Amino acid sequence: MANLEGKIAWVTGSSRGIGRAIALRLARDGADIAIHGRSEGGASRAHAEEAAEAVRALGRRAICVSGDIARKDEVGAAVAAIEEGLGGLDLVVLNAARAPFKETPRLLERDLRMLVDTNLLGHVFCVQKALPLMEQRGGGSIVFISSLGSRYMNPQYPLGPMKAAMEAMVRQWAEELREKGVGANAICAGLVKTDSYKTLRRIWPELSGLPDEAFVTPEEVADVTAFLCGADAAAISGQTLIVDRGLSNRILRAPTTE
Amino acid sequence: MANPHVTRERIDQEVRAALATTLRIEADTIEMEQSIINDLGATSIDFLDINFRLEQVFGIQLASQLLLDHVEEELGEGTAIDRDNKITAGAAALLKEQFGPDAPIDAGMYADEIPAFVTAGSIATAVEKILDHLADACTCGASEWKSEDGAKVVCGACGAEAVYPDGDELTKGWIHDVQREKQLFAVS
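Below or above, wherever it landed, is the structure these notes cover.

The rules we used
Residues numbered from 1 in each chain as written. Chains lettered and ligands numbered in written order. Predicted model: local features only at pLDDT ≥ 70, side-chain atom pairs only at ≥ 80, totals over all residues. Heavy atoms only, no water. Helix = DSSP H or I, 4+ residues; strand = E, 2+ residues; numbered from the N terminus. Buried < 20%, exposed > 50% of the residue type's maximum accessible area, 1.4 Å probe, protein only. Contact = heavy atoms within 4.5 Å. Areas by Shrake-Rupley, 256 points an atom, 1.4 Å probe, with all protein chains shown as cover. Buried area = accessible area lost by both parts, 1.4 Å probe. Salt bridge = Lys/Arg side-chain N within 4 Å of Asp/Glu carboxyl O. Core = buried A, V, L, I, M, F, W, Y, C linked by side-chain atoms within 4.5 Å.

A tally of helices and strands in chain A yields seven helices and nine strands. Taking the principal axes of its C-alpha atoms as reference, chain A extends roughly 50 × 40 × 35 Å. Expressed as a percentage of its 258 residues, the buried residues of chain A come to 56%. Of all intrachain contacts in chain A linking residues separated by at least 6 positions in sequence, the fraction that spans at least 24 positions is 73%. Entry remark: accessible area of chain A is about 11200 Å², with carbon and sulfur atoms responsible for 51%.

Written out as structure tokens, the structure reads:
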């Protein structure tokens, strides 16, 4: 367990899935949480409120902020809301992602711009806006949630190259932000059964037949995130930890359908 | 060529069940003309779950993306959605073919507003259109389709499940048919 008592954490894309599990884990370790979802209304807001309620049930403060990370002004507004609602920021978990599942010939220009705007520029906007708050509190940690698509080809997964770029970006940040007391690392998660898995299993029907050992749970990704946010990980800098139950080790023995 | 083994009532019932499970609401409170997004509170991600459940029940593959995305892939970027993310006149006309002539859809609307036109009924129609493509005969040669549960159709001779054309393929084919007939889209 990481001691995150008194810390304030912002988890993007945390109304459900991996982000929600991370928010709850950081709360369990003592942090107050800003839940962040893209849309302001409708069911996703309801999911965000539900996640915030779950954080409060753990005895921590929680607020919901919204905004498209692809838009710098909306990121700025979300960070301002965190400052106002929680009084600062120590931990930034860059978990939000948005991407079409398509092979390259089918990608429209607007798909490509959305991919880059959200999954590359968006994270940079988040860090740029969060940094002053982190500095005010003497530093903090950034954790980026990547996926195996950064290094292995997944079918119809243009998000993979964005994840690869971000793993390099994290290395950059670790060096650039060290003197500000801000650390940066990434987690490269294996197969996780979340909403995007629902699309993936359609494109890649073999997935449905994989044994349970091939999958990582959102909670397991959250455990490693909490570790990277805590003091025990102080010597890990600019790294990407692969959290996949060894799936990527098995080039010659991929888990097969039984 | 309707599918004699699966009734529209059964399809409606399964759509209600899929919506109820996904959105955690009561199935018998759902009206077929309700907007999935505006009235039932679904998000775009919920569509994946709703479709997945229906695909499992009926043994089909529904279209994996919105109609206008298919148009742009088939006929070219900009044909359905302009640079300001607004729909073109051709797109509005095509959407009326899909959602009915009375649907309040006009050129210049934001593309993001379109998913709100998806209703329980329009999902059921999408399922029905695929099921209507039941082949005359199974690949084994027999024409003895039957269904025990009123949802999955199997071959009475070899027991294989009926294979239907994929929703994406049907949608693409339909787009090209409409374009040939009505020339809704200016294709350069």
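For the rest of this paragraph, the subject is the interface of chain A and chain B. In this assembly, 15 residues from chain A lie in contact with 23 residues from chain B. Interface of chain A and chain B: buried area, both sides summed, is about 1600 Å²; carbon and sulfur atoms make up 40% of it. Counting the contacts that link chain A with chain B gives six salt bridges. Taking the shortest distance from any N to any O, the salt bridge between Arg 83 of chain B and Glu 109 of chain A comes out at 3.6 Å.

Moving on, we come to the nonpolar core. Residue and element names in this part refer to chain A. Counting 36 residues, the largest nonpolar core has Ile 22, Leu 26, Ile 33, Ile 35, Ile 187 and Val 221 as the members making the most contacts within it. If you tally residues by element for this core, the top one is helix H1 (residues 17–28), at seven residues. Not counting the four nearest positions on each side in its chain, Val 221 is found in contact with Ile 18, Ile 145, Ile 187, Ala 189, Val 192 and Val 216.

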